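Structure assessment
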Amino acid sequence: MKVLSLNFLTCAVKACKSSSDSYPLHPQDAELVQDEIELNPDMLINVLPRLDWTALRTTSSELGFPALPEQAPTAEELQADEKMIRDLHHLLLETQISEGKLVCANCGHQYAVKEGIANFLLPSHLV
Amino acid sequence: MLPTPDTSHVPYERVYEPAEDSFLLLDTLSSASETQYLHETFSPDASSSSPSPKAIPFVVELGTGSGVVLAFITAHAKTLFGTNQILTAGVDMNAFACRATIKTVEKAQADSVAEAGGNEKPHGLYLGSVMGDLAAPLRNHSVDVLVFNPPYVPTSEMPSRPETFTEDLPSKTSFDDDSYLLSLSYAGGRDGMETTDRLIDALPEILSPRGCAYILLCAQNKPEQVKARIQTFGSEWRAVTVGSSGKTAGWEKLQIVRIWRDISP
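Conventions we followed
Residues numbered from 1 in each chain as written. Chains lettered and ligands numbered in written order. Predicted model: local features only at pLDDT ≥ 70, side-chain atom pairs only at ≥ 80, totals over all residues. Heavy atoms only, no water. Helix = DSSP H or I, 4+ residues; strand = E, 2+ residues; numbered from the N terminus. Contact = heavy atoms within 4.5 Å. Areas by Shrake-Rupley, 256 points an atom, 1.4 Å probe, with all protein chains shown as cover. Buried < 20%, exposed > 50% of the residue type's maximum accessible area, 1.4 Å probe, protein only. Lys, Arg positive; Asp, Glu negative; His and termini not counted. Charge placed at Lys NZ, Arg CZ, Asp CG, Glu CD. Buried area = accessible area lost by both parts, 1.4 Å probe. Salt bridge = Lys/Arg side-chain N within 4 Å of Asp/Glu carboxyl O. Polar contact = N/O pair within 3.5 Å; in protein donor to acceptor, adjacent residues only side chain to side chain. Nonpolar A, V, L, I, M, F, W, Y, C, P; charged D, E, K, R; others polar. 1 Å grid on protein atoms, 1.4 Å probe; cavity = no way out; pocket = protein on both sides within 12 Å on 5 of 7 lines; lining within 4 Å. Points joined across faces, edges and corners; volume = space filled by probe spheres on them. Pairing = 2+ DSSP bridges. Axes fitted to C-alpha atoms, helices over the stretch in contact; angles between N-to-C directions. Parallel < 35°, antiparallel > 145°, perpendicular 65-115°, else oblique. Left-handed = near helix turned anticlockwise from the far one by under 90°.

Here we take up the overall build of chain B. Along chain B, the regular secondary structure elements total 8 helices and 7 strands. Its C-alpha atoms give chain B principal-axis dimensions of roughly 60 × 45 × 40 Å. A sequence separation of at least 24 residues applies to 78% of the contacts in chain B between residues at least 6 apart. Element-wise, carbon and sulfur atoms account for 53% of the exposed surface of chain B, whose accessible area totals about 11200 Å².

Our next topic: the overall build of chain A. Along chain A, the regular secondary structure elements total 4 helices and 4 strands. Listing the helices and strands of chain A from first to last along the sequence gives β-α-α-α-α-β-β-β. With respect to the three principal axes, the spread of C-alpha positions in chain A is 50 × 30 × 20 Å. In chain A, which comprises 127 residues, the share counted as buried stands at 50%. Within chain A, residue pairs in contact and separated by at least 24 positions form 67% of the contacts whose partners lie at least 6 positions apart. If you sum the accessible surface of chain A, you get close to 6100 Å²; carbon and sulfur atoms cover 48% of it. Positive and negative charge centroids in chain A, built from 9 and 18 side chains respectively, lie 8 Å apart.

As a further point, take the interface of chain B and chain A. Interfaces are often described in size by the accessible area the parts lose on coming together. Taken together, the contact pairs 35 residues of chain B with 28 residues of chain A. When residues of chain B are sorted by the area they lose upon contact with chain A, Gln85, Leu127 and Arg139 of chain B head the list and together hold 23% of the total. Our count for the contact surface shared by chain B and chain A stands at 4 salt bridges. Measuring nitrogen to oxygen at the nearest pair gives 2.3 Å for the salt bridge that ties Arg50 of chain A to Asp144 of chain B. Between chain B and chain A we count 16 residue pairs in polar contact (both at pLDDT 80 or more) in total. At the level of elements, α5 (95-116) and β3 (125-131) of chain B are the ones that each hand at least two residues to the side of chain B that touches chain A. Take the side of chain B that touches chain A: its biggest share by element is 6 residues, from β3 of chain B. Residues belonging to the side of chain B that touches chain A are distributed by class as follows: 21 nonpolar, 6 polar and 8 charged.

As a further point, take the layout of surface pockets. A volume near 730 Å³ is recorded for the second largest pocket. As for the second largest pocket, its lining consists of 30 residues, of which Lys2 and Ile37 of chain A together with Gln109, Leu125 and Tyr126 of chain B are closest to the centre. At the level of elements, β2 (95-103) of chain A together with α5 and β3 of chain B are the ones that each hand at least two residues to the lining of the second largest pocket. It is β3 of chain B that provides the largest number of residues to the lining of the second largest pocket, a total of 5 residues. The class makeup of the residues in the lining of the second largest pocket is 12 nonpolar, 10 polar and 8 charged.

A few words on unusual backbone geometry. Each neighbour pair has its own omega, and for Tyr23 of chain A with Pro24 of chain A the value is -5°, a cis peptide bond. Residue placement: Pro24 of chain A occurs in the segment before β1 (26-34). Positive phi, normally seen in glycine, also occurs at Glu115 of chain A, with a value near 50°. In this structure, Glu115 of chain A sits in the loop between β3 (110-114) and β4 (117-118). Positioned with a positive phi, Asp191 of chain B is a non-glycine residue whose angle comes to about 55°. Secondary-structure assignment places Asp191 of chain B in the loop between α6 (175-186) and α7 (194-206).

Once that is clear, we can look at the pairing of strand β5 (residues 207-218) of chain B. Residues and elements named next belong to chain B. Burial within β5 is extensive, with 10 of its 12 residues counted as buried. Bridge count between strand β4 (residues 143-148) and β5: 5 bridges; the pairing is parallel. Looking at the pairing, Leu146 lines up with Ala213 of β5. Note: β5 against strand β7 (residues 254-261), 7 bridges, orientation antiparallel. From the neighbouring strand, Cys212 faces β7, where its bridge partner is Trp260.

All names here are of chain B. Interaxial distance between α7 and helix α8 (residues 223-231) falls to 11 Å at its minimum, and their mutual angle equals 20°. Taken together, the axes of α7 and α8 are roughly parallel relative to one another. Read as a crossing pair, α7 and α8 show a hand that is right-handed. Counted together, Asp197, Ile200 and Asp201 of α7 and Val226, Arg229 and Ile230 of α8 form the full contact between these two elements. For the contact of α7 with α8, the class distribution of residues is 3 nonpolar, no polar and 3 charged.

The next point concerns the sheet that holds β3 of chain B. All names here are of chain B. With respect to topology, 7 strands assemble into an open sheet ordered β3-β2-β1-β4-β5-β7-β6, the strand pairing being mixed. The open sheet has two edge strands with one neighbour each: β3 and β6 (237-244). Strand-to-strand twist across the sheet, computed as the mean angle between neighbouring axes with direction ignored, equals 20°. Relative to β7, helix α1 (residues 20-29) is tilted by about 45°, and along the sheet it contacts β4, β5, β6 and β7. Taken strand by strand, helix α2 (residues 32-42) contacts β4, β5, β6 and β7, and its axis lies near 165° from that of β5.

Moving on: empty space enclosed by the protein. A complete count under the given rule lists 3 cavities of 30 Å³ or more for this structure. Each pocket or cavity is described by its volume, and for the largest cavity that value is around 100 Å³. If you go around the largest cavity, you meet 13 residues; those closest to its centre are Ser5 and Leu9 of chain A together with Ala89, Gly128 and Val130 of chain B. Within the residue set of the lining of the largest cavity, elements represented by two or more residues are β2 (87-92) and β3 of chain B. Here the element with the most residues in the lining of the largest cavity is β3 of chain B; it accounts for 4 residues. Among the residues making up the lining of the largest cavity, the classes are represented as 9 nonpolar, 4 polar and no charged.

In structure tokens, the structure reads:
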């Protein structure tokens, strides 16, 4: 699963959805693999308005990537910043989580990731 | 005709094999009227009057099975949406289906690149597949296009999990395990609607304001009642049949309903 997925995923427990602590999920013991993908600056610029930047900053630092700026760049700023484009491309699109866990900070539930597939099925007492 | 993704690697003893319902989804999504709708709603260059380009759409299939539909959407993004800038992801309860889908998408993307020659990449960006119950793992209001080929066959009861079953990609599965996994793909309980009803109830939370859902129904699901129920969500909600396999006279007559909010001024 690409790191970008974490920007769309949240705890599957219904009661957690209203808590801001349930997003983003926190990767633990994550094993990362890198793919090589052709750089498409235009695509990244158009992904930008879809991103929850605060969540992405958290994910990025928790995975050990260099700190992202506090504020999301504007489309124009990103367009002019080739290094930032490359860094975001590498983090969001080329990096995959292959093994590990995703943890909800609200309920503490741990979602296992195996072969790049996170398991969001809940044990019956949590449904 | 756009090529159908190759699913020859999928273990059909425990993952639903593409069938008439899957192909009806492919035909409907690539029909002239639906590609026009998707272009108008999501293509960045469609409305030149709009000052800012439209945000890149997030397309999710629930219950991917083999991945044939999600791979088709991802690989042919340029044709279906008028842009290769779409994000796609899959959800399925069955770990083997998730694993199969990753492979199906990968193959279909490679095939679409080969077909395009040196031209611009025709395929979108697949984020991955997760195991989950419907849209439970997804952030509210994030999905722009939802595709669902549900377990729609009326059955006296819903599948129950064998006691021996472990969900995480076991290296060996028993016959009971395989039967359970397959039953998840078709057994719909009362009117074949127990799972679909749960999904429809959650649509207002799942879909983005511009979002739409393509849901497959069979005649036993009482599609006219389903559409009428969606209209009770509010005056802006629409539910229209946009594809059907009317020519086949079996008991399983199928249709695809597109559900969305009409927020045009």
